[in-house]
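Fold and geometry: a report
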There are 4 protein chains.
Amino acid sequence: MPKIVDAQIREATRQRILREAAREFARLGFDQANINLIAEQAGIGKGTIYLYFENKRALFIEMLRSIAQSQLASLRAALAEKGTLQQRLERLVLAFARMAEEDSDSFHVYMSSLYGVNRAFQAEATKQLHEYLAVIAHILEESQQAGEIQIEDVEMTALRIFSATESFVLSARVLGYTEQEITRQASVIAHQVLHGIGVHAG
Amino acid sequence: MPKIVDAQIREATRQRILREAAREFARLGFDQANINLIAEQAGIGKGTIYLYFENKRALFIEMLRSIAQSQLASLRAALAEKGTLQQRLERLVLAFARMAEEDSDSFHVYMSSLYGVNRAFQAEATKQLHEYLAVIAHILEESQQAGEIQIEDVEMTALRIFSATESFVLSARVLGYTEQEITRQASVIAHQVLHGIGVHAG
Amino acid sequence: MPKIVDAQIREATRQRILREAAREFARLGFDQANINLIAEQAGIGKGTIYLYFENKRALFIEMLRSIAQSQLASLRAALAEKGTLQQRLERLVLAFARMAEEDSDSFHVYMSSLYGVNRAFQAEATKQLHEYLAVIAHILEESQQAGEIQIEDVEMTALRIFSATESFVLSARVLGYTEQEITRQASVIAHQVLHGIGVHAG
Amino acid sequence: MPKIVDAQIREATRQRILREAAREFARLGFDQANINLIAEQAGIGKGTIYLYFENKRALFIEMLRSIAQSQLASLRAALAEKGTLQQRLERLVLAFARMAEEDSDSFHVYMSSLYGVNRAFQAEATKQLHEYLAVIAHILEESQQAGEIQIEDVEMTALRIFSATESFVLSARVLGYTEQEITRQASVIAHQVLHGIGVHAG
DNA sequence: GATGAATGAGCATTCATTCAT
DNA sequence: CATGAATGAATGCTCATTCAT
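Residues numbered from 1 in each chain as written. Chains lettered and ligands numbered in written order. Predicted model: local features only at pLDDT ≥ 70, side-chain atom pairs only at ≥ 80, totals over all residues. Heavy atoms only, no water.

**As for the overall build of chain A**
Counted only if it meets this: Strands are runs of DSSP state E lasting at least two residues, helices are runs of H or I lasting at least four, and both sets are numbered from the N terminus onward. Remark: exposure states derive from per-residue accessible area (1.4 Å probe, protein chains only) relative to the maximum for the residue type, with buried under 20%, exposed over 50%, and partly exposed in between. Here, two residues are considered to be in contact whenever any of their heavy atoms come within 4.5 Å of each other. Note on areas: these come from Shrake-Rupley sampling with a 1.4 Å probe, and a residue is covered only by the protein chains present in the view. Neither His nor the chain ends is counted toward charge; the positive residues are Lys and Arg and the negative residues Asp and Glu. Think of each charge as sitting on NZ of Lys, CZ of Arg, CG of Asp or CD of Glu.
Counting its secondary structure elements, chain A contains ten helices and zero strands. Listing every helix and strand of chain A by position from the N terminus yields α-α-α-α-α-α-α-α-α-α. The principal-axis extents of the C-alpha atoms in chain A amount to approximately 65 × 45 × 30 Å. In chain A, which comprises 202 residues, the proportion classed as buried is 52%. In chain A, the proportion of contacts linking residues at least 24 apart, taken out of those at least 6 apart, comes to 68%. Total accessible area on chain A is roughly 9300 Å²; 49% of this is exposed by carbon and sulfur atoms. If the 21 positive side-chain charges of chain A are averaged to one point and the 25 negative ones to another, these points end up 6 Å apart.

**Comments concerning the interface of chain A and chain B**
Rules: The term buried area means the drop in 1.4 Å probe accessible area that two parts suffer when joined, counted for both and summed. Note on definitions: salt bridges are taken to be side-chain nitrogens of Lys or Arg within 4 Å of carboxyl oxygens of Asp or Glu. Distance and chemistry together define a polar contact, namely a pair of N or O atoms within 3.5 Å, with one atom able to donate a hydrogen and the other to accept it when in protein, and with adjacent residues in sequence counting only for side-chain atoms on both sides.
Each partner contributes to the interface: chain A provides 42 residues, whereas chain B provides 41 residues. Roughly 3600 Å² of surface becomes buried between chain A and chain B when both sides are summed, with 65% attributable to carbon and sulfur atoms. Counting the surface chain A buries against chain B, the share from its top three residues, Tyr115(A), Arg160(A) and Gln192(A), is 19%. Viewed at the interface, chain B and chain A are joined by zero salt bridges. Linking chain A to chain B there are ten residue pairs in polar contact (both at pLDDT 80 or more). Within the residue set of the side of chain A that touches chain B, elements represented by two or more residues are helix 1 (3-32), helix 6 (104-115), helix 7 (119-145), helix 8 (154-174) and helix 10 (186-197) of chain A.

**Some words on the protein's contact with DNA strand F**
Under the convention used in this document: Here, proximity means that at least one heavy atom of the residue falls within 4 Å of the molecule or strand. Residues were grouped as follows: Ala, Val, Leu, Ile, Met, Phe, Trp, Tyr, Cys and Pro as nonpolar; Asp, Glu, Lys and Arg as charged; and all remaining residues, including Gly, as polar.
Surrounding DNA strand F, one finds 33 residues, the nearest of these being Gly45(A), Thr48(A), Lys56(B), Arg10(C) and Thr48(C). For DNA strand F, the backbone makes up 59% of the atoms found within 4 Å of the protein, where backbone means sugar plus phosphate. Here a phosphate oxygen of DNA strand F and a side-chain polar atom of Tyr52(A) are 3.2 Å apart. Note that a phosphate oxygen of DNA strand F is positioned 3.4 Å from one of the side-chain N or O atoms of Asn34(D). Considered class by class, the residues forming the surface near DNA strand F number 13 nonpolar, twelve polar and eight charged.

**What about the pattern of salt bridges?**
Under the criterion given, the structure shown has 36 salt bridges over all chains. In this structure, Arg173(B) and Glu101(B) form a salt bridge, with 3.0 Å as the shortest nitrogen-oxygen distance. Residue Arg173(B) is found in helix 8 (residues 154-174), and its partner Glu101(B) is found in helix 5 (residues 85-102); the two are separated by 72 residues along the sequence. Its salt-bridge partner being Glu20(D), residue Arg23(D) comes within 3.0 Å of it at the nearest N-O pair.

**Considerations on the relation of the copies chain D and chain C**
Worth spelling out the cut-off: Here the copies were fitted onto each other by least squares, based on C-alpha atoms from residues at pLDDT of at least 70 in both.
When chain D is fitted to chain C, the best match, at an RMSD of 0.3 Å, comes from turning it 179° and sliding it 0.0 Å along the axis. A rotation of that kind, with that shift, is consistent with a two-fold axis. With an isologous cut-off of 70% or more, the 100% of interface residues of chain D that recur at the interface of chain C puts this contact in the isologous class.

**Notes on the protein's contact with DNA strand E**
Around DNA strand E there are 33 residues in total, and Gly45(B), Thr48(B), Lys56(C), Gly45(D) and Thr48(D) lie nearest to it. Near the protein, meaning within 4 Å, the atoms of DNA strand E are sugar or phosphate in a fraction of 59%, with bases accounting for the rest. Here a phosphate oxygen of DNA strand E sits 3.4 Å away from a polar atom, N or O, in the side chain of Asn34(C). Of all elements in the fold, only helix 2 (35-41) of chain A, helix 3 (49-52) of chain B, helix 2 (35-41) of chain C together with helix 3 (49-52) of chain D reach the threshold of two or more residues within the surface near DNA strand E.

**Observations regarding the relation of the copies chain A and chain B**
Aligned on chain B, chain A shows an RMSD of 0.2 Å; the corresponding rotation is 179° and the shift along the axis is 0.0 Å. Of all interface residues in chain A, 98% are interface residues in chain B too; the two copies therefore contact each other through one and the same surface.

**Remarks on the packing of helix 7 (residues 119-145) of chain C against helix 8 (residues 154-174) of chain C**
Residue and element names in this part refer to chain C. Applicable threshold: For helices, the axis comes from a line fit to the C-alpha atoms of the stretch in contact; other axes are also lines fit to C-alpha atoms, and the angle between any two N-to-C directions lies between 0 and 180 degrees. Put simply, angles under 35 degrees are roughly parallel, angles over 145 are roughly antiparallel, angles from 65 to 115 are roughly perpendicular, and the rest are oblique. Rotating anticlockwise by less than a right angle from the far helix to the near helix defines a left-handed crossing, while the corresponding clockwise rotation defines a right-handed one.
Between helix 7 and helix 8, the least distance of the axes is 9 Å, while the angle of their chain directions is 110°. One element, helix 7, and the other, helix 8, form an angle in the roughly perpendicular class. Relative to helix 8, helix 7 is oriented so that their crossing is right-handed. Here Leu129, Tyr132, Leu133, Ile136, Ala137, Leu140, Glu141 and Gln144 of helix 7 lie close against helix 8, whose contacting residues are Val154, Thr157, Ala158, Leu159, Ile161, Phe162 and Glu166. Here the residues of the contact of helix 7 with helix 8 sort into eleven nonpolar, two polar and two charged.

**With respect to the arrangement of the chains**
Here chain A and chain C are not in contact; the least distance found between their C-alpha atoms is 15 Å. Separated in space, chain B and chain C share no contact, their closest pair of C-alpha atoms being 31 Å apart.

**A short note on the UniProt feature "DNA-binding region" (unreviewed entry) in chain A**
Applicable threshold: UniProt positions are given in the numbering used here, feature names are shortened, and annotations may be inferred rather than shown by experiment.
Summarizing the sequence annotation, UniProt attributes the feature "DNA-binding region" (unreviewed entry) to residues 34-53 of chain A in the numbering used throughout. As a span, residues 34-53 of chain A carries 55% helix and 0% strand, and end to end its C-alpha atoms are 15 Å apart.

**Considerations on helix 6 (residues 104-115) of chain D**
All names here are of chain D. Rules: Take the number of residues in a helix, subtract one, and multiply by 1.5 Å to get its expected span.
Taking 1.5 Å of rise per residue, the twelve residues of helix 6 would be expected to cover 16 Å, and the 16 Å separating its terminal C-alpha atoms lies within 8% of that figure. The buried count for helix 6 comes to ten of twelve residues, which makes it a mostly enclosed element. Restricting attention to buried positions, one finds in helix 6 the residues Ser106, Phe107, His108, Val109, Tyr110, Met111, Ser112, Ser113, Leu114 and Tyr115.

**So, the interface of chain D and chain C**
Taken together, the contacts link 41 residues of chain D with 41 residues of chain C. Contact between chain D and chain C buries roughly 3600 Å² in total, counting both sides, with carbon and sulfur atoms accounting for 65%. Counting every contact that joins chain D to chain C gives zero salt bridges. Where chain D packs against chain C, one counts ten residue pairs in polar contact (both at pLDDT 80 or more).

**Considering the packing of aromatic side chains**
We count it as follows: Ring pairs shown here join Phe, Tyr and Trp side chains whose ring centres sit within 6.5 Å, with only the six-membered ring taken for Trp; geometry is labelled stacked below 30 degrees between planes, edge-to-face above 60, and tilted in between. Put simply, a charge is over a ring when the Lys NZ or the Arg CZ is close to the ring centre, within 6 Å, and near the line of the ring normal, within 35 degrees.
Taken as a whole and assessed by the stated rule, the structure comprises 38 aromatic pairs over all chains. Between Phe25(A) and Phe60(A), the ring centres sit 4.8 Å apart and the planes meet at 80°, which makes this aromatic pair edge-to-face. Of this pair, Phe25(A) sits in helix 1 while Phe60(A) sits in helix 4 (residues 56-80), and the two are 35 residues apart along the sequence. Using a relative accessible area of 4% as the deciding quantity, one classes Phe60(A) as buried. Taken together, Phe25(A), Phe30(A), Phe60(A) and Phe121(A) form an aromatic cluster joined through their ring pairs. Here the basic side chain of Arg10(B) rests over the ring of Tyr52(B), its NZ or CZ set 4.4 Å away from the ring centre.

**Some remarks on the domain arrangement of chain A**
All names here are of chain A. For clarity, the cut-off: All the domain ranges listed were derived from an automatic or database domain assignment.
One can read the domain layout of chain A as domain 1 (1-53) and domain 2 (66-197). Here the C-alpha centroids of domain 1 and domain 2 sit 29 Å apart. Taken together, the contact between domain 1 and domain 2 spans six residues of the former and five residues of the latter. The contact between domain 1 and domain 2 buries some 430 Å² in all, and 77% of this surface belongs to carbon and sulfur atoms.

**Focus: the confidence of the model for chain A**
Heads up, the condition is: The predictor reports its confidence for every residue as pLDDT, a score running from 0 up to 100.
Here chain A shows a mean pLDDT of 92. Residues at 70 or above account for 95%. Mean pLDDT across the elements of chain A bottoms out in helix 10 of chain A (88) and peaks in helix 3 (residues 49-52) of chain A (97).

Have a look at this one:
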């Protein structure tokens, strides 16, 4: 009964495909990326990829989902530890900066889907955006319950924080700033956001 | 000597091509967009487009430049009038929101180039980003000279403002917020940015 | 010693494959038919089919042979009973009409092979055609010996009878005639054929 | 104004494609035939074929139509001349035999469509079959008006004649008979058909 | 200059077949 | 024996680009 081993091998292959797909899609974009090349780089035959994913689009979408899960996990881990809102916001910037650096392909392929023109891909990326915002909203609510701040529109505030953090990291990278230069902005950004919210609610 | 008329006709055709290109590229992205269709919609033969642009990539790049000029002009017009920094930052958000609404195609095709995976397109879009930042830096310096604020790193501050404004507008649109809902955030964003900078430097 | 049972099971599986193959090939033709689907519908794994048939072509050829045997048996049964040549020719038309109706898949897959462009399949189908003709020739010779008719070229006469009977049934079906309408022609066709031969040799 | 020449060149190219298509389809059948090869043999680029025909299927259908027109013209020409019904029926066999010999590709690709399993192709081929039958029905009616014969069901009679002539030619060719051997049967077949109808109606 | 017919590189996808289990 | 995961050859079709008119 080689089921367990099989399942493991299968999952490993699947992950290898997703990884190579992220690499190719990040390098060339959806249309220019070559499925056959992805298969080759994943060390499998070109027909095999279709045993794991229905077609090129499905592979792309599932790759987006995979990225989403991974990045969200990183984010949650970064914000799990308690602390002041200032500290947590700083950690948010650092988390985004690290993600963008360490898993650059995934970060960029996700952002390009979110802001690209393909509606289907944008819809999928937007799902993850909602999750990001939920994570941010969650720490805002914790701070609010702790009497740290007083917020009227949690949703919009979360979106402003998202712009000030993830979008900032993205723009900074596009402009060629290093991770170090970006992380150095963490405290300033946290400060900016905090005062934008209206600290010391009490 | 029909030179002047010819030149005018030629320029008009060029503009028509650029307009239709923006529409198609915004609708389908670079790869999926069809050059022949753009030519047809511009009312010219499909060979003619190559008398105006070297190839599809060149057309895309020049379209980006054209968008850049137009949007930069809007931005400068919006910030030309004097006022407090708070007012000017509010106008910045409003300007981006209006651009995203009224010239939606251009706005999105530009943003998708800036954050997309194609290096050549990103490089071109980045040029415009530098110009945006220069405009923002300019009003910051004016405010600084007026003693309104005190800034250490103008460049990074401008980038933070960019994230808090244009990227915010972009994200908000992706999430489906209306122009009204977005513009309503103008004053809050301006306030957030101002306090992030550290107003009342003195 | 489960030999006998095994052999029975094996033969049953083989027949099931042939039946499903006939169905699929009749539905889609050789190229469009899907081996994996045939295996699935026969209730076996897709690798198993290759334990029974060398490849897709061999399966098709053997299916043709299987059809041939079955149809030839029907034909012989229909003509076994004695009678006048007129009666037997009528029974011939009826036999073809019934075959085309009751085992429509087999009838059409055979005819399409006989008249199709694939030389290998046509060669196989032609073998059966020779057998059909032999059956027809046999009853002609019996009638001849009985002094009923006088024939010069038995082979060509048999072929003319084949055209007037099986090909007639095929064409009529293609045109949408019902079995009833076709069988109603049996006596006329028999009559036509008989007078074509030159009855009452004596 | 090179319109006329252009139209001629265009039509010539179209005919060349149709001719090569008939050759390839006759050689390999629809599925196995290679569009790129047809283009190559027609002396054009592989993209060019799609300027003349929407896709492979459309090319096949139009090829069938083209064959139909051509063969029907041959048939009508063969039967245009007046004569006794016996003479005309003999000419019918000869016409089919000549078509099958001289334009063998067309003849077989048409017959394989008529009797093949592809419904779309069969439907198209059936249209031509109706025309064949109409031509046969026409000479029957002429003979009837001339008091030569008396027929009850013209439609079915025409179909019986079709089987006895075209299908006979087809079967004979499949069996390897030469054109000479086939044409030698013309008078016998005409005789068979005539007596089947019931000559000397009076 | 303007045109559009012609071109062919390029690629996603299918499916008969193999073979390790 | 039976299986089905893996394979890769094979191909219809699109569309940016060229160039004769």
